[in-house]
Every structure is written in structure tokens, then in C-alpha cells.
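Per-entry structural report
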Amino acid sequence: MCVCFKLTNDDCFTTDIFKPRVLLLENVGSTSTEAKTLLTQGETEGTIVLARTQTAGRGRKGRPWLSPVGGLYFSIILKPRLGNENTPLLGLLCACAVRRALHALDVNVQVKWPNDILVDDRKIAGILSEAVTIDNETTGIVIGIGVNQNCPISEMPVGLQWPATSVIDEIGKETSNESLLCDIVNEIDSLLKVVEINSSFSAVVEEWRKTSSTLGKTVRIHEDDRITDGVARDIGEDGSLLVETEDGLVSVLLGDVHHVRSGE
Ligand code: BTN
């Protein structure tokens, strides 16, 4: 692993549930791969791997995540909650946290199932949630978060998979990577607090419903070997997407959602 740097202000964390410990790297393959290794070596909830750039950033379904200087790239270790693995629900929770932090920067964002963050239909941030299992037991969940922050889309390397935007394109000025990191981590902590107080993810699911761009839309969902067409109606308590299809209500736990426009 390469040289580590200190955050310029690590007093910005106001968490109660976990104590953030940030490993700041100049350049890494993937912060999520590093965090998974650290988890298997005994690191626990609150460990964060932050990098200025990634050479092998990973998105969902093995897609690459372009990671030029200026973006925010980090992965945080969380523990499973309420006796379950909870990977999909922790992903939704982190999407709500990223939405809140970007909203505070005056970026008008919505969440798209499962955990993309969009401005209109353009992607501004993505989340990768991965469980790490040792001896058939989930020891932790690594949540990798990438935000197109200070990298204008016109200057991004070719290879973007979706229509995209960035914080700087939306608000016209640079913002601090470290402040955004702290805001997102503090929001994750306060949402986890609600989960622990209520012994339930219901409040998270409700916030996700209210801020979603997916519900009510005509969607096409690509799972590994299945395509589901229908109208996205709701989110189940396990984080699955409930889609009304010609054959009735179908619950989808994993997949890529395409919002179908009229005429498509
Ligand atoms: C997606 O939308 O497909 C998820 C993208 C997740 C990208 C982040 S960047 C930080 C962390 N490290 C990775 O390799 N991936 C995640």
C-alpha cells in the first residue's frame, strides 16, 4: 500500500455510532479492494479508505469507475445490522446519506434504485456495497462511494457508461473533497442511529421512497439472465424493488434499472 497522508481537518466528524479512522492514499487500485483486505485483517466499522485517484475503480457488475483527480473516492467498513447481512439496505442507507450531503451543497439530486445518485437522468455518484464473508459469516460490509465532484464531465476520460454530471458542473464552483467526505460519513452515522433506535430500517426505506426518481416510472430491469418490464411501484422492507408487470408484482433484489421514456 502507498504512502498515507492526513486529512487537513479530521475534527469534522461528529459521529456517535462509530469513530471514523481515515486512511488517505494518493493513488490506489480500488479503495473498496483495499478496504476489503483491511476488513479481513481485522479492521472494524468506521475504517475509511480515501484516495485522490484510483487506477482500477470498480462499479457494480464489474464495470469500471473512472476516477480522475478531483472526484471523491472512498470506501467505508460497516458492520451488518439487526442480525442480518443487510447489504442492500445499507446500500440504500448510504444513498440517502449521499443525497443529503449533495442536497446541502445545493445540488438537486434524487436516488435511483438500487443506489445511484442522479441529477435529472444524469449520474453524479455511485455506490458499490459488498459483503465480506469469512467461514460463512458476514464479517462486514464495504460501501464504496464515488462522487463526480470537481471533475467537469467535459474533461472526463472517454468511457463513461451513462449520461453523467458532476458537482462542479451543477453549481459552477469547486467544493472540498474532505468536507463532502465528512458530511456523507456524518449522515451515514445519523441514519444508522435511527436504525438502531428503531431496530428497523423502515425510516431509511421511507426516506428513500420520498427522494426516489424510480418509483412510478416505467422500467426495464436487467438481471443476470432475466429482463423485467413494468412499472416500479415500491421498495420492500428488504430493499428490493417491487415492479408491477403483466404477470403481477415481481420483487427484484439485484439488477440494473433503465427508466423507459415514452416512445422508447
Ligand atoms: C456504480 O455506480 O456502479 C458504483 C460505483 C462505485 C465507485 C466507488 S469509487 C470508491 C469505491 N472504490 C471502487 O473501486 N468503487 C467504489
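Bear in mind the structure is a predicted one, so any value in this text is a computation, not a measurement. (Residues numbered from 1 in each chain as written. Predicted model: local features only at pLDDT ≥ 70, side-chain atom pairs only at ≥ 80, totals over all residues. Heavy atoms only, no water.)

1. Quick look at the overall build of the protein
Regarding its fold elements, the protein presents 5 helices and 13 strands. The C-alpha radius of gyration of the protein comes to 18 Å, within 12% of the 18 Å expected for a compact globule of 264 residues. Principal-axis analysis of the C-alpha atoms places the extent of the protein at approximately 55 × 45 × 30 Å. Taking all 264 residues of the protein together, the buried fraction comes to 52%. (Helix = DSSP H or I, 4+ residues; strand = E, 2+ residues; numbered from the N terminus. Rg over C-alpha atoms; globule rule 2.2 N^0.38 Å. Buried < 20%, exposed > 50% of the residue type's maximum accessible area, 1.4 Å probe, protein only.)

2. Comments concerning the pattern of salt bridges
Per the stated rule, a full pass over the model turns up 22 salt bridges. Across the salt bridge formed by Arg60 and Asp256, the nearest N and O atoms sit 2.7 Å from each other. Placement of the pair is Arg60 in the loop between strand S3 (47-54) and strand S4 (72-78) and Asp256 in strand S13 (residues 256-259), with a sequence separation of 196 residues. A residue is classified by how much of its surface remains accessible, and Arg60, at 18% relative accessible area, is buried. Among the salt bridges present, the one from Glu237 reaches Arg209, with a minimum N-O distance of 3.7 Å. One end of the pair, Glu237, is in the loop between strand S10 (227-235) and strand S11 (241-245); the other, Arg209, is in helix H5 (residues 202-210), with 28 residues separating them in the sequence. For Arg209, a relative accessible area of 23% gives the class partly exposed. It is possible to trace a salt-bridge network through shared partners that takes in Arg60, Lys61, Arg63 and Asp256. (Salt bridge = Lys/Arg side-chain N within 4 Å of Asp/Glu carboxyl O.)

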